[in-house]
Amino acid sequence: MLHEKLSMIYDNVLRRNPGETEFHQAVREVLESIGPVLGKHPEYAESKIIERICEPERQIIFRVPWEDDRGEVHINRGFRVEFNSALGPYKGGLRFHPSVYLGIVKFLGFEQIFKNSLTGLPIGGGKGGSDFDPKGRSQREIMRFCQSFMTELYRHIGEHTDVPAGDIGVGGREVGYLFGQYKRITNRYESGVITGKGLSYGGAQVRTEATGYGCAFFVEEMLKARGTSFDGRRVVISGSGNVAVYTIEKIQQLGGVVVACSDSSGYVVDDKGIDLDLLKQVKEVERLRVDVYAERRGGGASFVPARSVWEVPCEVAMPSATQNEITGRDAELLVRGGCIAVGEGANMPTMPEGIKVFQEAGVAFGPGKAANAGGVATSALEMQQNASRDSWTFEFSERRLQEIMRDIHARCLSTADEYGMPGNYVAGANIDGFKRVADAMLALGLI
Ligand code: GLU
């Protein structure tokens, strides 16, 4: 329920950004949390901080022409939304997926502002991508697309300006092609212009694992706060990309048993626990679908096509695929199946009705802004290493990541307490993330 002033702001956002439903959803969730902050801080309302935060500083939309292996020409649309630079250079990934349009990039960019703020590191918020579909494309087609994309993007980014990274459809391979083209066009070896780089050319230890590991650490903290742990717990994960794979790896190290994961074709159940080496081979090396995992794994593992993985009962759910993948009904099913904790590895995977179901049932619910902030936090560590021409060990970097996740968890809880909503991680994350950005914006004058 929205405070009257916030409801007017929200109506304005709807009017100014027609048809961008995911962006509306992301804004609404934040506005629903920050009502109590306005009571304590009238200066935010007086200076229209919220209205300013809801309006991106800059939005770039461009043509990306490229040729496939048969010589046919394709035209895609490229985006970069530079949302907020009060805390540091715009920072956020690039998503290549056919569903990408301005509304998706704006929702992701908006979330990124608060997520990045929560990390406590000096990074602003931005996001970009394209409606390009990498599925089924050859390596050379991917390279040509990335080169064409960067041929326009390069003029807008820079280590002190805007620092992209990966997201869905953009992993180490794509970051390599993007950085290569940036370097070629600008004639600058500007390592800090993009993160998620390979270890041989300026990448950071643990960046590949960071979102998944961080999410597992965050949920471990939520479980600890309730006097329990991952040990022996049955866990279900959606997705089987970068976030899912490294969430599984860390949960297994922490003693949890991950019994299911998925992709857009369906899900696999493997009651003995997912064989991670096989999953990595199938998904990361061979870039195949999860049914191949079930086929090769044999006895016990089965593939269920075209259904939601949330019908598999579990104690901990880690949605790590994409936005709006847990409906209100899915959340009810999960609660009935004995779910006690949810950690969002993806951005906004739970629909508003789902969040309500979890919170009313007393499930520990870790929103993406907090739970999956380990990825971008480690990107900021990569920027730090690039700036000092240094590289840290795996162990040191993982320790830093764990400290950051513990700190985010603690701040979400103490902020939620301070505003009278104990245990509400959504409110804690939104309020804490918002306040840091709002205070910086106030200090910087009318920006
Ligand atoms: N795409 C990731 C996210 O949603 C990582 C962004 C980054 O490392 O800049 O936070």
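Thresholds, definitions, all that
Residues numbered from 1 in each chain as written. Predicted model: local features only at pLDDT ≥ 70, side-chain atom pairs only at ≥ 80, totals over all residues. Heavy atoms only, no water. UniProt positions renumbered as here; feature names shortened; annotations may be inferred. Near = heavy atom within 4 Å. Polar contact = N/O pair within 3.5 Å; in protein donor to acceptor, adjacent residues only side chain to side chain. Areas by Shrake-Rupley, 256 points an atom, 1.4 Å probe, with all protein chains shown as cover. Helix = DSSP H or I, 4+ residues; strand = E, 2+ residues; numbered from the N terminus. Nonpolar A, V, L, I, M, F, W, Y, C, P; charged D, E, K, R; others polar. 1 Å grid on protein atoms, 1.4 Å probe; cavity = no way out; pocket = protein on both sides within 12 Å on 5 of 7 lines; lining within 4 Å. Points joined across faces, edges and corners; volume = space filled by probe spheres on them. Buried < 20%, exposed > 50% of the residue type's maximum accessible area, 1.4 Å probe, protein only. Pairing = 2+ DSSP bridges. Contact = heavy atoms within 4.5 Å. Salt bridge = Lys/Arg side-chain N within 4 Å of Asp/Glu carboxyl O. Axes fitted to C-alpha atoms, helices over the stretch in contact; angles between N-to-C directions. Left-handed = near helix turned anticlockwise from the far one by under 90°.

Within an unreviewed UniProt entry, the label attached to the chain reads Glutamate dehydrogenase, and the organism entered is Planobispora rosea. Taken directly from UniProt, the Function (unreviewed entry) text for the chain runs: "Catalyzes the reversible oxidative deamination of glutamate to alpha-ketoglutarate and ammonia."

Right, let's talk about the site of the ligand for a bit. As a structural note, the neighbourhood of the ligand is formed by 13 residues, with Lys91, Lys115, Gly166, Asp167 and Ser379 the closest of them. For the ligand, an oxygen atom lies 2.7 Å from a polar atom in the side chain of Lys91. Between Gln112 and the ligand, the recorded distance is 3.1 Å, taken from a side-chain N or O atom to an oxygen atom. For the ligand, the accessible surface in isolation is 300 Å², of which the surrounding protein chains cover 94%. Among the elements of the structure, helix 5 (102–118) and helix 15 (373–387) are those that each provide at least two residues to the shell around the ligand. Split by residue class, the shell around the ligand holds two nonpolar, six polar and five charged.

This next bit is on the layout of surface pockets. By volume, the second largest pocket is sized at about 550 Å³. What lines the second largest pocket is a set of 19 residues, among which Glu29, Glu32, Pro352, Ile355 and Gln359 lie closest to the centre. Looking at the lining of the second largest pocket, the elements with two or more residues in it are helix 2 (21–40), helix 13 (352–360) and helix 17 (425–443). Residues that form the lining of the second largest pocket fall into these classes: eight nonpolar, five polar and six charged.

The next thing to look at is the pairing of strand 2 (residues 73–84). Here strand 2 lies mainly inside the structure; nine of its twelve residues are buried. Relative to strand 2, strand 1 (residues 58–67) runs antiparallel, the two sharing ten bridges. Counted as the bridge partner of Val64 is Asn76 from strand 2. Remark: five residues form the turn of the hairpin made by strand 1 and strand 2, two consecutive strands paired antiparallel; Gly71 in that turn has positive phi of roughly 90 degrees.

On to the UniProt feature "active site" (unreviewed entry) in the chain. Here, the residues flagged by UniProt with the feature "active site" (unreviewed entry) are Lys127. Position of Lys127 relative to the elements: it lies in strand 5 (residues 125–130). Residue contacts for Lys127: discarding those within four places in its chain leaves Arg80, Val81, Gly92, Gly93, Val105, Leu108, Gly109, Gln112, Asp167 and Asn347. In this structure the side chain of Lys127 is engaged in a polar contact, spanning 3.0 Å, whose partner is the side chain of Gln112.

Attention now moves to the pattern of salt bridges. Throughout the structure, instances matching the rule amount to 34 salt bridges. Glu111 is paired through a salt bridge with Lys369; the nearest N and O atoms lie 3.5 Å apart. Taken together, the residues span a long stretch of sequence, with Glu111 in helix 5 and Lys369 in helix 14 (residues 368–371) at a distance of 258 residues. Each of the two residues, Glu111 as well as Lys369, counts as buried. In this structure, Arg296 engages Glu286 in a salt bridge whose closest nitrogen and oxygen atoms are separated by 2.9 Å. Placement of Arg296 in helix 11 (residues 290–297) and of Glu286 in the loop between helix 10 (276–285) and helix 11 is noted, with a sequence separation of ten residues between them. For Glu286, a relative accessible area of 32% gives the class partly exposed. Among the charged side chains, a network of salt bridges with common partners joins Glu29, Glu111 and Lys369.

Here the focus is the packing of helix 8 (residues 207–225) against helix 15. Between helix 8 and helix 15, the least distance of the axes is 7 Å, while the angle of their chain directions is 145 degrees. Note that helix 8 runs across helix 15; the crossing there is right-handed. Along the contact surface, helix 8 presents Arg207, Ala210 and Thr211, while helix 15 presents Gly374, Gly375, Val376, Thr378, Ser379 and Glu382.

On to the sheet that holds strand 1, then. In space, the four strands of this open sheet follow the order 1-2-5-4, with mixed pairing throughout. The strands lining the two open edges of the sheet, one partner per strand, are strand 1 and strand 4 (94–96). Sheet twist, expressed as the average angle between the axes of neighbouring strands with direction ignored, equals 15 degrees. Sheet topology places strand 4 next to strand 5; three bridges connect them, and they run parallel. Bridge pairing in strand 5 places Arg95 opposite Gly129.

Counting through the fold element by element, Ser85 comes out in the loop between strand 2 and strand 3 (90–91). For the pair Ser85 and Lys127, spaced 42 residues apart in sequence, the C-alpha separation works out to 12 Å. Those residues in contact with Ser85, other than ones at most four positions away along the chain, are Glu57, Tyr90 and Gly124. Side chain to side chain, Ser85 and Glu57 meet in a polar contact 2.8 Å long.

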